[in-house]
Amino acid sequence: RILICVAAVGIGCIIAFTFVDKIYRFVMDPLGRLLPKGSQFVYNEPTEAFVLYVKMALLAGVIIAVPVILWQAWMFIAPGLYAKEKRLAVPFVALSTVGFVGGAAFTHYLLFPWMWIFFGSFATDKLSFLPRIEPVFALYVKMVLGMGLVFQMPALVYSLARIGLVTARFLIKSFKYAILIIFIAAAVITPSGDALTQTLFAMPMVGLYIISIAIAWIFGKRRPKVPVEE
């Protein structure tokens, strides 16, 4: 399973590297337009720009290979499941893929630009903002992958609810603890320490948790009613 995943990522990287210039413009051009006046991206190592292109191709290759990786992960645990539970493979892979892409899109179009504007707001006449491309992309990758994993919550709850390990009632009862854990996780993941950015990280998690409650209620395994003896 691991070798198949590695091969899928490798093929995805080769495909991505053929149009890596477009990937660079897709990621960096919107950020460049949000830079304060007089600011620009810089690199001060000879190989830094080339390595950035390689990392971009690697990230795109991972995203391309996500369906294969999720399918192999499911096939790894499938031998320990019952026949009815194995039927969840296709919905699990589909929901997980949609969730990962949704988390990456949320980061790219909303979360990261907002944070970028916040970081650039400290530039003044005496303090220039000249961000290096390598740390910028490293932060971008961390947030894309992090939110991609966070957006797996509905798919995970769907699978556990169909098996019968999680119920909507349990998720509702655990709501206050989930909120606490979500904000702790947001504080750890958030690169800046301000409460507003942490809240921006936490709110999608809270929304996904509420969606997961609805998913568990709709698709959860129904327990047979036990007749009450007089």
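See the structure above.
If you're wondering where the values come from, they're calculated on a predicted model, not measured in any experiment.

### Considerations on empty space enclosed by the protein
Part 1 of the reasoning: A full pass over the atoms with the stated rule returns one cavity of 30 Å³ or more.
Part 2 of the reasoning: In terms of lining residues, the largest cavity is bounded by Val27, Pro30, Leu31, Leu34, His108, Phe112, Pro113 and Tyr140.
Part 3 of the reasoning: For the lining of the largest cavity, the secondary structure elements donating two or more residues are helix 2 (20–33) and helix 5 (89–120).
Part 4 of the reasoning: Of the residues that constitute the lining of the largest cavity, the class distribution is seven nonpolar, one polar and no charged.

### Some words on the pattern of salt bridges
As a working rule, side chains carrying opposite charge can pair if their charged atoms are close by.
Part 1 of the reasoning: Evaluated as defined, the whole model comprises two salt bridges.
Part 2 of the reasoning: A salt bridge links Glu48 to Arg132; the nearest nitrogen and oxygen atoms lie 3.1 Å apart. With Glu48 in helix 3 (residues 48–77) and Arg132 in the loop between helix 5 and helix 6 (133–150), this pair connects stretches of sequence that are 84 residues apart.
Part 3 of the reasoning: Take Glu48: its relative accessible area is 4%, and that puts it in the buried class.
Part 4 of the reasoning: A salt bridge links Glu134 to Lys55; the shortest N-O distance between them is 2.8 Å. Taken as a pair, Glu134 in helix 6 and Lys55 in helix 3 lie far apart in primary sequence, 79 residues in all.
Part 5 of the reasoning: With a relative accessible area of 24%, Glu134 lands in the partly exposed category.

### As for helix 1 (residues 2–17)
Part 1 of the reasoning: Taking 1.5 Å per residue, 16 residues should reach 22 Å; helix 1 reaches 22 Å between its end C-alpha atoms and fits that length.
Part 2 of the reasoning: As for helix 1, its buried residues are in contact with helix 2 and helix 3.

### Brief notes about the packing of helix 7 (residues 153–163) against helix 10 (residues 195–219)
Part 1 of the reasoning: Taken N-terminus to C-terminus, the directions of helix 7 and helix 10 make an angle of 25°; their axes are 9 Å apart at the nearest point. Comparing the axis directions of helix 7 and helix 10 gives the class roughly parallel. In this structure, helix 7 meets helix 10 at a crossing whose hand is right-handed. On the side of helix 7, the interface is formed by Met153, Pro154, Val157, Tyr158, Ala161 and Arg162, while helix 10 contributes Met205, Leu208, Tyr209, Ser212, Ile215, Ala216 and Phe219.
Part 2 of the reasoning: Split into classes, the residues belonging to the contact of helix 7 with helix 10 amount to eleven nonpolar, one polar and one charged.

### A closer look at the packing of aromatic side chains
Part 1 of the reasoning: Counted according to the given criterion, the structure contains 14 aromatic pairs.
Part 2 of the reasoning: Relative to Phe122, the ring of Phe118 has its centre 5.4 Å away and its plane inclined at 85°; by these criteria the two rings are edge-to-face.
Part 3 of the reasoning: Here a set of aromatic residues connected by ring pairs shows up, and it is made of Phe41, Phe112, Trp116, Phe129, Phe137 and Tyr140.

### So, the packing of helix 3 against helix 5
Part 1 of the reasoning: Contact pair helix 3 / helix 5: the axes reach a minimum separation of 9 Å and the direction vectors enclose 145°. With respect to the hand of their crossing, helix 3 and helix 5 are arranged in right-handed fashion. Seen from helix 3, the contacting residues are Ile63, Val66, Pro67, Leu70, Trp71 and Trp74; seen from helix 5, they are Ala89, Val90, Phe92, Val93, Ser96, Thr97 and Phe100.
Part 2 of the reasoning: When the residues that make up the contact of helix 3 with helix 5 are grouped by side-chain class, the tally is eleven nonpolar, two polar and no charged.

### Focus: the nonpolar core
Generally speaking, a soluble globular protein has its nonpolar side chains buried in company with each other.
Part 1 of the reasoning: One finds Met28, Phe41, Met56, Trp116 and Phe137 to be the most contacted residues of the largest nonpolar core, which totals 47 residues.
Part 2 of the reasoning: Within the residue set of this core, elements represented by two or more residues are helix 2, helix 3, helix 5, helix 6, helix 7, helix 8 (168–173), helix 9 (175–189) and helix 10.
Part 3 of the reasoning: Among the elements that take part in this core, helix 6 stands out by supplying ten residues, more than any other.
Part 4 of the reasoning: Those residues within four positions of Phe41 in sequence are excluded, and the remaining contacts are Met28, Leu31, Gly32, Leu35, Trp116, Pro131, Ile133 and Val136.
Part 5 of the reasoning: One finds Ala89, Val93, Tyr158 and Ile163 within the second-largest nonpolar core, a separate group that totals 13 residues.

About the cut-offs
- Residues numbered from 1 in each chain as written.
- Predicted model: local features only at pLDDT ≥ 70, side-chain atom pairs only at ≥ 80, totals over all residues.
- Heavy atoms only, no water.
- 1 Å grid on protein atoms, 1.4 Å probe; cavity = no way out; pocket = protein on both sides within 12 Å on 5 of 7 lines; lining within 4 Å.
- Points joined across faces, edges and corners; volume = space filled by probe spheres on them.
- Helix = DSSP H or I, 4+ residues; strand = E, 2+ residues; numbered from the N terminus.
- Nonpolar A, V, L, I, M, F, W, Y, C, P; charged D, E, K, R; others polar.
- Salt bridge = Lys/Arg side-chain N within 4 Å of Asp/Glu carboxyl O.
- Buried < 20%, exposed > 50% of the residue type's maximum accessible area, 1.4 Å probe, protein only.
- Expected span 1.5 Å × (residues − 1).
- Contact = heavy atoms within 4.5 Å.
- Axes fitted to C-alpha atoms, helices over the stretch in contact; angles between N-to-C directions.
- Parallel < 35°, antiparallel > 145°, perpendicular 65-115°, else oblique.
- Left-handed = near helix turned anticlockwise from the far one by under 90°.
- Phe/Tyr/Trp six-rings, centres within 6.5 Å; stacked < 30°, edge-to-face > 60°.
- Core = buried A, V, L, I, M, F, W, Y, C linked by side-chain atoms within 4.5 Å.

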